[in-house]
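Residue-level structural notes
So the chains spell out like this:
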Amino acid sequence: MNWLRELARRIRMLVNRRQFDVDLEEEMRLHLELRQQDQIESGMSADDAQAAARRRFGNVTSLRERSNMAWGWEWLEHLTQDVRFGFRILNKNLGVTFVIVLTLALGVGANTAIFGLVNGILLQRLPVPAPEQIAALVIQSGESSLGALGFSYPQFVEFREQTAPICEVFGSATAWRLNFTAEGHSDTLTVGGVSSNYFSALGVKPALGRLVLPGEGEHPGEPAVLVLSYAFWQRRFGGDPQVIGKQVRVGGKQATIVGVMEKEFRGQFSVFEMDAYAPLSTVFDESSASNFWTSRDIHSMLVLGRLRPGVTLAQAQSRFDVVSRRLAAQYAVTDKDLNVRVMDERLSRPIPYANNAFIVFSGLFVILGALVLLLACTNIANILMARASVRQREMAIRAALGGARSRLLRQMLTETMLTTLLGGIAGVTLGASLSYLASSTHLSNIPIRLGFGFDWRVFVYALVAVIFTAISAGLSPALRATRADVNTVLHQGGRADAGGKARHKVRGDLMAAQVAGSLTLLIVAGLFVRSLRAVERMDIGFDPNQLLNVTLDPSLDNYTRIQTNEFYRSLETKVRALPGIQSVSLAASVPMGNTLGNQSVYVEGRPVPSGQRAPGVFFNDVDPPYFDTLRIRIILGRAFTDADSETAPLVAIINETMARHFWPGEDPIGKRFSLISDAGPFVEIVGVARDGKYRILAEDPQPYFYVPLTQHFTAQRTLQIRSSMPPELLAPLVQHEIQALDASDPIEEIQTMKESLGGTLGYFIFRLGASLAAAMGLLGLLLAIVGVYGVVSYAATQRTQELGVRMALGASPRQILALLLRQGAQLVAAGLLFGLVGAWALTRAMSHMLVGVSPSDPLTYLSVAALLSFITLLACWIPARRAMRIDPMVALRYE
Amino acid sequence: MVRSLDLHRDEIIPGTLYLLILKTLARSGELHGYEIANSIQRISEDVLQVEEGSLYPALQRMLIKGWVTAKWGTTAGNRRARYYQLTAAGRKQLAVEMSQFERVIGAITRVIEAV
C-alpha cells in the first residue's frame, strides 16, 4: 500500500501546485540569502557574495524545474499547455475546425449508428441472467432452401424430455399480426406463443401480474391468457396497472391479460419486437388447419435451450445427436436424417433460418461505414496537411529556439486529437440520436426494432475510430511540419509550402483514394437501389394494387362448418354491395403472408418409392372469383366455378412450374394427383395458372397449386377485395359489415396488400438495404466532393505565383485551365480505376443480397463511374476556373 | 551503483546524496535546506562540495517516498524556513542505505587492496 500513500502525496502536491511553487521559491531564496550573508561575514563584497552564492547553488530555474518534475506531473503540465495552445489555434481557425469537426461527426456518426445496429442485433447477449448458458437449437436440413428449420411441436416435446439432464429446452412459435381488440378499438399485434417453461428457463420476471405458469397452455383448448410486453403496455394502455384481469379479444378469441413483461426483455429475437406473449394453446387451436399440435412436418417452434451449469456446447451437441438418432429410427419417414445443431444463441440471429446472410449483410455495412470514415480521414488529413505547411515557419522557428522535435510533434498531435475528439463527440451524439430515433420509432405494420444497441462496445468502437483518425490523419502532416529545416523554411521568403513535389504527390494520392472510396460506396449503393427497383418491378404473378386483405376466423366462436361457410357467403354478398367494389374472393392464405399450407403430392401412376417421402408443395384454398380478384391469369384450362362444390369431383389448378416439374412435356390438364397417399383420393387438374411469388419475394419459381375452398375446408380465411376506392378507406366499411354479421368481431388482421408486401417477407429488407446503402453512398460522395475541391483549390492557391509567371510569359487562361484540369483528371481517373477494382472485390460478398441484378452489373458500374467523374471534375473545374482569372501582376506581387 | 536508478545524473557522487541528507537529519533532528547543506559541508570538512541547489530536487523525492516530512517554522534570525524531519520510514531507509553503502565501499576496498 506504499505506492498508494505515495500517490496520495503526489496528488496533494498537484492540488496545492501554486502554493508549492511559492514555497519552493521562498525556500531557495532563503538559502541564497543566508549563503550570501555568510560570505559577506567572511569578508566578501556584497556583489561577489551574491555571485558566489549563486555559483554554489547552481541554476535556480533548472533546479526549480527539477524539483517540480520530481513529483511526476510533467506530462500533465505539457498536456495542459498543449491543450490550451491547441484550443487557441482551433479558435483562431474556426472555419477549418468547423469543417474538420463536421466531417468527422458525419464519419463517426454513420459508423456508430451502424455499429450500434450490428451490436444490438448480433453482439449483445439476451438481457437475462447468465445469458451465456442460452444456446440456439436448430434442425439442420439440406432440403430447405434456407438451410435450417425450427422444430415441430412433437419434436420439441421429445427433445425437452430427453435432453433434460443437460439442458432445459424451451421455445416459442410466433403468431404475427393478430387482431387485438380492447377497450372498444382494434389493432394488430405480434404474439409470441411460448412453451410453459419459456420464461422460467430464461429467468425473466414480470413487471406486473404473472407470466406463463408451469404446464400452462401445452394442450389445445385451455383458457386464453396474454402477457403484454412492457412497450406495448405503455403504448396501448399508457402503463395502466389496472390492465391485469382485463378481458380482450386476440386473434378473434376471448383472452385475459394476466401480466406485463419486465422492461428489459423484448423478446428472444434481437430484431423482432414482440407485443405480447401467450401460452401455446392461446395461439394454436386443435381445430387449426395447421395441425400444430400433432404434425411432425410443421416446423413452427423456434427452440432455445438453457444449458445446465458447466455443460459445454459440445457436450450438449453429443446429447442432442443421440436423441436425434433415436427419433430418426422411431419416425423413419418424417425424422429421417434428423440433425439438430446446438450453437451459441448469438450465431442464430436474427432468426435461426437466416443462414448467416445477416452476418454478411452487417459485415458489408460495417465495411461501408469504415470506408466512409476513411474518406473523412483523408479529408481531414488534407486539411491538416495544408495547415501544417502554413505552420511550418512557426515550427521551424520553435525548433531553432530549442524546441525538441518530440515536443513539437506532441503539440501538433494534441491539436489534432482535440479536433478529432470534438468531432468524435459530435459523431457519437449524432450516431446515438440516430440510433435512438430508430429504436423509438415503432414501425406501424412491421414488428421490427432497430438500433437500440448503444453500449460500451459502441463507445469503444467510436473511440478507436477517433484515435485512428487522429493518428492516421494527423501524424504525417505533423511529421512533415516538424521536420522542416529552419534554414530552408526561413529562406523561402513568403511561400509557405516547403514540401514541394513530395507533398503534392501525397495530396494527389489522397485525392485519388477519396475518389476510389466514394466510387466503391456509390457502386454498392447503386446495386442495392437497382436491386430494390428490380424487386419492386418484379413480376409477382398478381396485381397487388387496390387490394384489401381481411383475415378472419369465425371458428373461434364455435361455428360449425356449415355456419362458417354461411358466414363467409353472406359476408361476401354484403361486401360486394359496398361502393366501388370490383371483385371479392376468399383464400386460405395470402402471398408473402405467414399462413402457408404445404402438402405432400402423390402423382397418380407414379408411386413414391418406399423409404422416401412424397415431395411437399405449397398450396392455397381459394374460391372461384380468386383469380379475378388477384388478377392471376389462367393460361390453360379453366378457373374454379361454383360447380366445383363439396360433392363434385375433386379438382385443382396448378402453376406453370408445377406443371413443368411433375408433367414435363405433357399436357397437365386431366392429370391427377393425391394429397393423401399413392392410392388416392385423387384430385384432377383442371387449369394451369401463371407462376408468382408465394413465400418470399426473392424465391425462385416454385411449384404451387390451388384447390377450391369448398373441397378443402379451412375456417381461417382471408377476404380479398379489389375496389376502385383506396383500400385504406374501404377498411372501416368492411369492418363495420363484419361486426354487423358477428358482434364478436372475428377479424385477425386487416391490411392492404401493399402494406402486407412491405413487411419482412416482402420489400422491407430490400428497402432497408437500399436506403442504408444510399445514405452511405451520398455521404461518401459529399466527402469526396469536399475533398477534391479542397485539394484542387489549395493546389491552385499554392501555385498562384507559378501560374502568374506562366501567364506573364504568354500562357492563355485556357491553357492554365487545361493544366489544372489535366492534373485533376489524372487523379480522378486513377481513383476511378482503383474504385472499380475495389467495388468489384467488395461486391462479391453481395450476391445473396441482390435480386435481379448481378454484383458486377456493368450498367451500375459505368453509370456510377460516369456520374462520379462528372461531379469530381466539376469540383476540379470551379477552383481551376478561379485560378484562370488570376491577374499576373497580382500573382507576381503575391509575396 | 546499485541505487543509481533512483538518482539524478548530475549528482556529484551518485547515490550518496540521500544517504548524506538522511544521516544529517538523523543526527540533528529538524533542519532547513541551508542548514542541511552547511552541515554536510562542515562535517566533511569541505571535502564534499555538493551543488547546493541539488538538495532540493532530492528533498522532493524523499518527501514523495515519505522518508522525510516538512513543516514551516522560523529561523533564529526570525525568517520563515521549511524544516525537514526524518520519519520512521526515513530511519529505516537510512539503515538500508548505510548497509548498502558499506557493502559497496567494502567491496571497492577489497578490490583495491587485492591489487
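Residues numbered from 1 in each chain as written. Chains lettered and ligands numbered in written order. Predicted model: local features only at pLDDT ≥ 70, side-chain atom pairs only at ≥ 80, totals over all residues.

Here we look at the overall build of chain A
Looking only at helices and strands, chain A features 26 helices and 23 strands. Relative to its 895 residues, chain A shows a buried fraction of 44%. (Helix = DSSP H or I, 4+ residues; strand = E, 2+ residues; numbered from the N terminus. Buried ≥ 20, exposed ≤ 12 C-beta atoms within 10 Å, placed from the backbone.)

Considerations on the overall build of chain B
When its secondary structure is counted, chain B shows four helices and three strands. The linear arrangement of helices and strands in chain B, starting from the amino end, is α-β-α-α-β-β-α. In chain B, the proportion of contacts linking residues at least 24 apart, taken out of those at least 6 apart, comes to 48%. (Contact = placed C-beta atoms within 7 Å.)

With respect to the interface of chain A and chain B
The interface is formed by 22 residues belonging to chain A together with 19 residues belonging to chain B. At nine residues, the largest contribution of residues to the side of chain A that touches chain B is made by helix 2 (residues 17–41) of chain A. Residues belonging to the side of chain A that touches chain B are distributed by class as follows: nine nonpolar, three polar and 10 charged. (Nonpolar A, V, L, I, M, F, W, Y, C, P; charged D, E, K, R; others polar.)

Structural notes on the pairing of strand 2 (residues 68–74) of chain B
Residues and elements named next belong to chain B. Direction of pairing for strand 2 relative to strand 3 (residues 80–86): antiparallel, over a ladder of seven bridges. Bridge pairing in strand 3 links W72 to R82. What sits between strand 2 and strand 3 in their antiparallel hairpin is a turn of five residues, with N78 showing a positive phi close to 60°. (Pairing = 2+ DSSP bridges.)

Quick word on the nonpolar core
For soluble globular proteins, nonpolar side chains are generally found buried alongside one another. Residues and elements named next belong to chain A. Among the nonpolar cores identified, the biggest contains 156 residues, and V372, L519 and F705 are the most heavily contacted of them. Here this core gets 20 residues from one element, more than from any other, and that element is helix 12 (residues 357–400). Among the domains, domain 3 (359–537 + 763–893) and domain 4 (554–745) are the pair contributing at least three residues each to this core. When near neighbours in sequence (up to four residues on either side) are disregarded, F705 contacts V617, F619, A652, I653, I654, N655 and M658. (Core = buried A, V, L, I, M, F, W, Y, C linked by C-beta atoms within 7 Å. Domains from an automatic or database assignment.)

Some points on the packing of helix 22 (residues 764–798) of chain A against helix 25 (residues 858–884) of chain A
Residues and elements named next belong to chain A. Orientation of helix 22 relative to helix 25, taken along the N-to-C sense of each, is 25°, at an axis distance of 8 Å. The orientation of helix 22 with respect to helix 25, classified from their angle, is roughly parallel. Two packed elements cross with a definite hand, and for helix 22 against helix 25 that hand is right-handed. Of helix 25, the residues touching helix 22 (which contributes L781, A784, I785, V788, Y789, V792, S793 and A796) are I871, T872, A875, C876, I878, P879, A880, R882 and A883. Across the contact of helix 22 with helix 25, the residue classes tally to 14 nonpolar, two polar and one charged. (Axes fitted to C-alpha atoms, helices over the stretch in contact; angles between N-to-C directions. Parallel < 35°, antiparallel > 145°, perpendicular 65-115°, else oblique. Left-handed = near helix turned anticlockwise from the far one by under 90°.)

Here's the deal with the pairing of strand 1 (residues 134–140) of chain A
Residue and element names in this part refer to chain A. Counting buried residues in strand 1 gives six out of seven residues, a clear majority hidden from the surface. The pairing of strand 1 with strand 10 (residues 302–307) spans four bridges and is antiparallel. Bridge pairing links A135 to G305 in strand 10. Sheet analysis places strand 1 next to strand 11 (residues 340–344), joined by five bridges and oriented antiparallel. Within the sheet, the bridge partner assigned to I139 lies in strand 11 and is V340.

Structural notes on the confidence of the model for chain A
Residue and element names in this part refer to chain A. For chain A, per-residue confidence averages 83 on the pLDDT scale, and 91% of positions sit at 70 or higher. Taken element by element, the predicted model of chain A shows its lowest mean pLDDT in helix 15 (residues 486–491) (66) and its highest in strand 18 (residues 651–655) (94). Every residue in residues 494–499 is under pLDDT 50, and counting partners more than four places away or in other chains gives 16 contacts. (pLDDT = per-residue confidence, 0-100.)

Observations concerning helix 2 of chain A
The terminal C-alpha atoms of helix 2 of chain A, which comprises 25 residues, lie 36 Å apart, in line with the 36 Å expected from a rise of 1.5 Å per residue. Among all positions of helix 2 of chain A, only E27, M28, H31, L34, R35 and Q36 of chain A are buried. In this fold, the buried residues of helix 2 of chain A make contact with helix 3 (46–57) and helix 4 (60–70) of chain A together with helix 2 (33–43), helix 3 (55–65) and strand 3 of chain B. (Expected span 1.5 Å × (residues − 1).)

Details of the sheet that holds strand 3 of chain B
Residue and element names in this part refer to chain B. Reading across the sheet, the three strands line up as 1-3-2 and stay open at both edges, with antiparallel pairing between neighbours. Edge positions in the open sheet fall to strand 1 (31–32) and strand 2, since each of these has one partner strand only. Strands in contact with helix 1 (residues 16–28) are strand 1, strand 2 and strand 3; relative to strand 3, the strand with the most contacts, it is inclined by about 95°.

Focus: unusual backbone geometry
Residue and element names in this part refer to chain A. For A130, which is not a glycine, the phi torsion comes out positive at approximately 45°. Tracing the sequence through the fold places A130 in the loop between helix 6 (94–123) and strand 1. Looking at A130, the number of C-beta atoms within 10 Å reads 11, which means it is exposed. With a phi close to 60°, Q546 is a non-glycine residue in the positive phi region. Turning to its location among the elements, Q546 is positioned in the loop between helix 16 (500–537) and strand 12 (547–552).

Some thoughts on the environment of A740 of chain A
All names here are of chain A. Structurally, the position occupied by A740 is in helix 20 (residues 727–741). Take A740: there are 10 C-beta atoms within 10 Å of it, and that puts it in the exposed class. Measuring from C-alpha to C-alpha, the distance between A740 and L571 comes to 9.7 Å, with 169 residues separating the pair along the chain.

Topic: helix 20 of chain A
All names here are of chain A. Between its first and last C-alpha atoms helix 20 spans 21 Å; for 15 residues at 1.5 Å apiece the expected length is 21 Å, and the two agree. Every buried residue belonging to helix 20 is among P727, L730, V734 and I738, and all of these are buried. Down the axis of helix 20, the buried set is contained in an arc of 75°. They therefore lie on one face. Across helix 20 from its buried face, at more than 90 degrees, point the exposed residues L729, P732, H736 and A740. (Arc of directions from axis to C-beta.)

Concerning the packing of helix 1 of chain B against helix 3 of chain B
Residues and elements named next belong to chain B. Running from N to C, helix 1 and helix 3 point in directions that differ by 80°, and their axes come no closer than 10 Å. Compared by their axis directions, helix 1 and helix 3 come out roughly perpendicular. Contacts between helix 1 and helix 3 involve L17, Y18 and I21 on the former and, on the latter, L55, A58 and M62. Considering only residue class, the contact of helix 1 with helix 3 consists of six nonpolar, no polar and no charged.

Digging into the confidence of the model for chain B
Residues and elements named next belong to chain B. Overall, the prediction assigns chain B a mean pLDDT of 81, with 82% of residues at 70 or greater. The spread of mean pLDDT over the elements of chain B runs between helix 2, the lowest at 86, and strand 3, the highest at 92. Counted against residues more than four places away or in other chains, residues 1–11, with its pLDDT under 50, gives 16 contacts. Two numbers describe this predicted complex: its pTM, 0.69, and its ipTM, 0.83.

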